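Chain residues, written in single-letter form:
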Amino acid sequence: MTKRSWPAGVTSWEDTVKFAQLLFGMDIPFENYSERLPHATEKSFLLFAKGACAEGRPLRKIQEFIPKQMEEIAEWEQNVRGNSSRPTKSQQMLGRDKSQVYYWSVQLTRASCLCRSVFGADAHQKHVPTSAEVWGTASKFAKLWDATLARNYAHFQTPHMRPIWLDKTWQVLWNWNDHKQHHHIEPHADLCATYNHLDPIASLSFGHGGVLTLTSNIKRSKTPVGPTKMLYQSDGDALLMAGQFQSEFLHGVPARRTWSELRSSSMYAGMQTWEKTGMSREIEMHQGAVTDDPHVRMNCTIRWHSSHFPGCPQAFADPSVLARPGELSTPAAGSRQRTPPKESSTQATQPLLTGAAQAPAARVQEPPVFSGIRRQDSVDEQPSSSKTQRLSSLEESHETIRHLLACIDACVRHSELFALAINGTPLVGATSVHEKTLQKIVETVDCLRRQLLIASEAVQRCGFDESKADAVNYKALDVMALAAQQRKNIQRHLGEFLVSDLRGGGSWMIETKNRPTQNCLRQDPQYRKCLLSHHQLALLLQEALSEDMMRQHQEIALDLRTHAAVLPEKVTCAKRHALAKQHLNEDLGLDSYDVPSGSVVLLKAVEIGYVSVGDGNEARRIQTNRNLWSKLTEELTVAEIATSVRSGILAALEHLRTLDVDRKFCDRTTGETASHNYDVWVWLTTATSPKR
Ligand SMILES: O=C(O)CCC(=O)C(=O)O
Ligand SMILES: [Fe+2]
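Residues numbered from 1 in each chain as written. Chains lettered and ligands numbered in written order. Predicted model: local features only at pLDDT ≥ 70, side-chain atom pairs only at ≥ 80, totals over all residues. Heavy atoms only, no water.

A. Representation of the packing of helix α15 (residues 628-635) against helix α16 (residues 638-659) within the structure. With their axes 9 Å apart at the nearest point, α15 and α16 run at an angle of 125° to one another. With respect to α16, the element α15 is oriented oblique. Crossing of α15 against α16: the hand is right-handed. Across the interface between the two elements, Trp629, Leu632, Thr633 and Glu635 of α15 pack against Val638, Glu640, Ile641 and Val645 of α16. Among the residues making up the contact of α15 with α16, the classes are represented as five nonpolar, one polar and two charged. (Axes fitted to C-alpha atoms, helices over the stretch in contact; angles between N-to-C directions. Helix = DSSP H or I, 4+ residues; strand = E, 2+ residues; numbered from the N terminus. Parallel < 35°, antiparallel > 145°, perpendicular 65-115°, else oblique. Left-handed = near helix turned anticlockwise from the far one by under 90°. Contact = heavy atoms within 4.5 Å. Nonpolar A, V, L, I, M, F, W, Y, C, P; charged D, E, K, R; others polar.)

B. Here's a closer look at the site of ligand 1. Taken together, the neighbourhood of ligand 1 is formed by Asn175, Ile185, His188, Asp190, Leu212, Gln233, His251, Val253, Arg297, Asn299 and Arg303. Between an oxygen atom of ligand 1 and a side-chain N or O atom of His188, the distance comes to 3.0 Å. Arg297 places a polar side-chain atom, nitrogen or oxygen, 2.9 Å from an oxygen atom of ligand 1. In isolation ligand 1 has 300 Å² of accessible area, and contact with the protein removes 96% of it. Elements with a minimum of two residues in the shell around ligand 1: β6 (185-188), β11 (249-253) and β12 (296-304). In terms of residue count, the dominant contributor to the shell around ligand 1 is β12 (three residues). In the shell around ligand 1, the residues fall into three nonpolar, five polar and three charged. (Near = heavy atom within 4 Å. Polar contact = N/O pair within 3.5 Å; in protein donor to acceptor, adjacent residues only side chain to side chain. Areas by Shrake-Rupley, 256 points an atom, 1.4 Å probe, with all protein chains shown as cover.)

C. Examining the packing of helix α13 (residues 534-544) against α16 more closely. Remark: α13 packs on α16, axes separated minimally by 10 Å, with the N-to-C direction vectors making an angle of 160°. Classified by the angle between their axes, α13 and α16 sit roughly antiparallel to one another. Judged by the twist between their axes, the crossing of α13 over α16 is left-handed. Of the residues in α16, those in contact with His534, Leu537, Ala538, Leu541 and Gln542 of α13 are Val645, Arg646, Ile649, Leu650, Leu653, Glu654 and Arg657. Across the contact of α13 with α16, the residue classes tally to seven nonpolar, two polar and three charged.

D. Geometry of the sheet that holds strand β7 (residues 201-207). An order of β1-β2-β10-β7-β12-β5-β4-β3 is seen for the eight strands of this open sheet, with the pairing classed as antiparallel. One side of each edge strand has no neighbouring strand; the edge strands of this open sheet are β1 (31-32) and β3 (92-94). Bridge analysis of β7 against β12 gives six bridges, and the strand direction is antiparallel. Its bridge partner lying in β12, Ala202 is registered against Ile302. The strands touched by helix α2 (residues 62-81) within the sheet are β4 (101-109), β5 (170-178), β7 and β12, with β5 carrying the most contacts at an inclination of about 85°. (Pairing = 2+ DSSP bridges.)

E. Spotlight on the coordination of the iron ion (ligand 2). For the iron ion (ligand 2), the full set of protein donor atoms is His188 (NE2), Asp190 (OD) and His251 (NE2), and the range of their distances to it is 2.1 Å. Taken in sequence order, the residues that donate to the iron ion (ligand 2) follow the motif H-x1-D-x60-H. Of this pair, His188 sits in strand β6 while His251 is found in strand β11, placing the two residues 63 residues apart along the sequence. Owing to a relative accessible area of 23%, His188 belongs among the partly exposed residues under this scheme. (Donors = N, O, S within 2.8 Å, 3.2 Å for Na, K, Ca; no water. Buried < 20%, exposed > 50% of the residue type's maximum accessible area, 1.4 Å probe, protein only.)

F. Geometry of the confidence of the model for the protein. With 74% of its residues at a pLDDT of 70 or more, the protein shows a mean pLDDT of 79. Contacts from residues 668-673, a stretch scored under 50 in pLDDT, to residues over four places away or in other chains number 14 contacts. (pLDDT = per-residue confidence, 0-100.)

G. Structural detail: the packing of aromatic side chains. Evaluated as defined, the whole model comprises 17 aromatic pairs. Ring centres of Tyr33 and Phe48 lie 4.9 Å apart, and the angle between their planes is 5°; on these two criteria the pair is classed as stacked. Placement of Tyr33 in the loop between β1 and β2 (44-49) and of Phe48 in strand β2 is noted, with a sequence separation of 15 residues between them. With relative accessibility at 1%, the residue Tyr33 sits in the buried group. Judged by centre distance (6.2 Å) and plane angle (65°), the ring pair of Tyr232 and Trp274 falls under edge-to-face. One end of the pair, Tyr232, is in strand β9 (residues 229-233); the other, Trp274, is in helix α6 (residues 273-288), with 42 residues separating them in the sequence. Classification of Tyr232 by relative accessible area gives buried; the value is 4%. Here the aromatic residues Trp6, Phe19, Phe65, Phe141, Trp145, Tyr153, Phe156, Trp165, Trp170, Trp174 and Trp304 are joined through ring pairs into a cluster of three or more. (Phe/Tyr/Trp six-rings, centres within 6.5 Å; stacked < 30°, edge-to-face > 60°.)

H. Spatial organisation of the state of the cysteines. Summed over the entire model, instances satisfying the criterion amount to zero disulfides. Lacking any disulfide linkage, Cys53 is separated from the closest cysteine sulfur, that of Cys300, by 8.0 Å. On the accessibility criterion, Cys53 (0% relative accessible area) is buried. Classification of Cys300 as buried rests on a relative accessible area of 0%. (Disulfide = S-S within 2.5 Å.)

I. Seen up close, unusual backbone geometry. Across the junction of Trp6 and Pro7, the peptide omega takes the value 10°, indicating a cis bond. Relative to the assigned elements, Pro7 resides in the segment before α1 (13-24). Look at the link from Ala111 to Ser112: it is a cis peptide, with omega at 0°. Positionally, Ser112 belongs in the loop between β4 and α3 (136-154). Despite not being glycine, Gln157 shows a phi value in the positive range, around 55°.

J. Broad picture of the pattern of salt bridges. Under the criterion given, the structure shown has 23 salt bridges. A salt bridge links Arg657 to Glu654; its shortest N-O distance comes to 3.8 Å. Remark: Glu654 and Arg657 occur in helix α16; sequence separation between them is three residues, near one turn of the helix. With respect to burial, Arg657 and Glu654 carry one shared label: buried. One salt-bridge network, in which partners are shared between bridges, spans Glu55, Arg60 and Asp235. (Salt bridge = Lys/Arg side-chain N within 4 Å of Asp/Glu carboxyl O.)

K. Main features of α3. Helix length check: α3 (19 residues) gives 27 Å between terminal C-alpha atoms against 27 Å at 1.5 Å per residue, within 8%. Every buried residue of α3 is listed here: Thr137, Ala138, Phe141, Ala142, Leu144, Trp145, Thr148, Leu149, Asn152 and Tyr153. Looking at the buried positions of α3, the neighbouring elements they touch are α1, α2, β4, β5, β12 and α13. (Expected span 1.5 Å × (residues − 1).)

L. Structural context of the side chain of Arg162. Looking at where Arg162 falls in the secondary structure, it is placed in the loop between α3 and β5. Under the relative-accessibility criterion, Arg162 is labelled buried at 5%. Within the structure, the side chain of Arg162 is placed 2.8 Å from the side chain of Asp167, a separation counted as a polar contact. Among the polar contacts made by the side chain of Arg162, one reaches the side chain of Glu543 at a distance of 2.4 Å.

M. Seen up close, the sheet that holds β6. Overall, antiparallel pairing links the four strands, which are arranged β6-β11-β8-β9 in an open sheet. The open sheet is flanked by β6 and β9, the only strands paired with a single partner. Here the average twist between neighbouring strands, direction ignored, is 20°. Looking at chain direction, β6 and β11 are connected through two bridges and run antiparallel. By the bridge assignment, Ile185 is partnered in β11 with Val253. Packing against the sheet, α6 makes contact with β8 (210-216) and β9, and its axis sits at approximately 75° to β9.

Written as structure tokens, this is what we have:
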């Protein structure tokens, strides 16, 4: 019997089925394709879901997104590269000589992740940001994906077993193939540095049919073996490759012109009738193809980042890294790249107390945030004079490039000024001035990106080997672009949900520099100021915000009766003096507050304190406006309040995580004991009996 790892991994057929239901819904029929694998195995799973993304299914939309996203990138390329003659180059998957186009592809990640896996044929794409939030189409995909999984998960009725993929960073690859241009992919495994076998890879097909060949990757002899199995996917079909599939097998996408040959191989016999029919129809189309219209097949693979590259804001934030109370009690199958700490259930998510933050501790790492170039050869920047004399002309040009890189590097380092500019723009309260500042930042980031790109291409033309070209790193610029976009989104979002007559101007969220030591609400002493992690507050807002309970209690309410695992039973809170009212603003340290499982919790206010970059070490806060609920109800319906509060706070949290990318002021020396550089306080009380 294979080990089950749900909800933190997929290592059995049962897990694979659950994963399919999470992605495609309960009503999708699926087949176990274990017989279709090149060799029998108990470790790998292949699930086929016919029509899982066909017309009428939510994920169908991806079919529209793929070409739109490609157009969006091509347009952006024209802006970044100026009047480049090949604005679509960064979507091509190129052969070694850079002339053959295997197929077209884009890579995207869930914000705030900035990681890009480089698979080889896409090495020239790395200046293109992957984070979905910086793209219009990809943002739509992100929303669709979250909503689809949340809706499917609602049918699971196992709220204490929240699957980690609801919170984990996805990575999608969108491929565009034209059968008439003989696009294809050689046999390969979808492995990369951030991949973990506990996360299945889903593959969705759109448009014309496709053949997938499978090859056993277990070496039995020295002679390489070719594919021994193949399958056909038609428009709207989906596959899940799970368990050890990527280690045990290779998969490939043969060009359609080779299909007639494949039809006469023994692999063909193992196909089902509908597959054979579909394949024959495509072969006929190929032979009869006369017009210039492409025969397009698109493919979307959904993968997961189990770890993140340095410089990514998600590096310390993924759910597989953070132990969650009541859930990831044992790291599934024990092989996560970063296993959760063994001690207390909440330790890894324990935030920093900015209220109590003293002087900044020694930096955890070199400040990587706004540096654009990582030079691999930075040790001997100044050649000795004797060495200089010996320089050949090739070496001289290398030297020129080195200086060029150093120059751009210095210039990008100064972009720390942008961090100041971003932080100087109030987080909430949209005005045209802020809009202009943000626009300027975006333009300047684009300009720096263009310079880096030119330099990087010059490096390659100069004959440096590939590892030197790899030295160019766009992550710093990606962070800035994402931060500016997030700020724009926050301001736009808060604008939409503006409560017009709130005293003090506009939004229900405000930003202050007050001392965050208040630990008792004068009017409502029953509320306790509790310390949560980013992850816990995000989960509460996503899972437990209850419109029914809000109506009953006339307060922002969280229903933990069905979501017991979201909060631990004891929550850290600010200590209060026995005579609480006399010590309203005194920091007395920490205490704990009981939140029995199955409670309904009322939430009066949220405060997120952070040490702002470039603003000395002064802690700032964003917080909900006083009398949040009564003001909101004057203007909004309960459903609108839930949406506004949920999306507003989540967006602000995500943005702070992005700005916190280098965790510069964290008061620890390793990344183990705190997850971020800002703290999250909520004023809450457990509801006793509903006010009716
Ligand atoms: O097109 C397909 O069916 C598979 C695509 C694939 O293997 C990949 O993008 O890695
Ligand atoms: Fe693949």
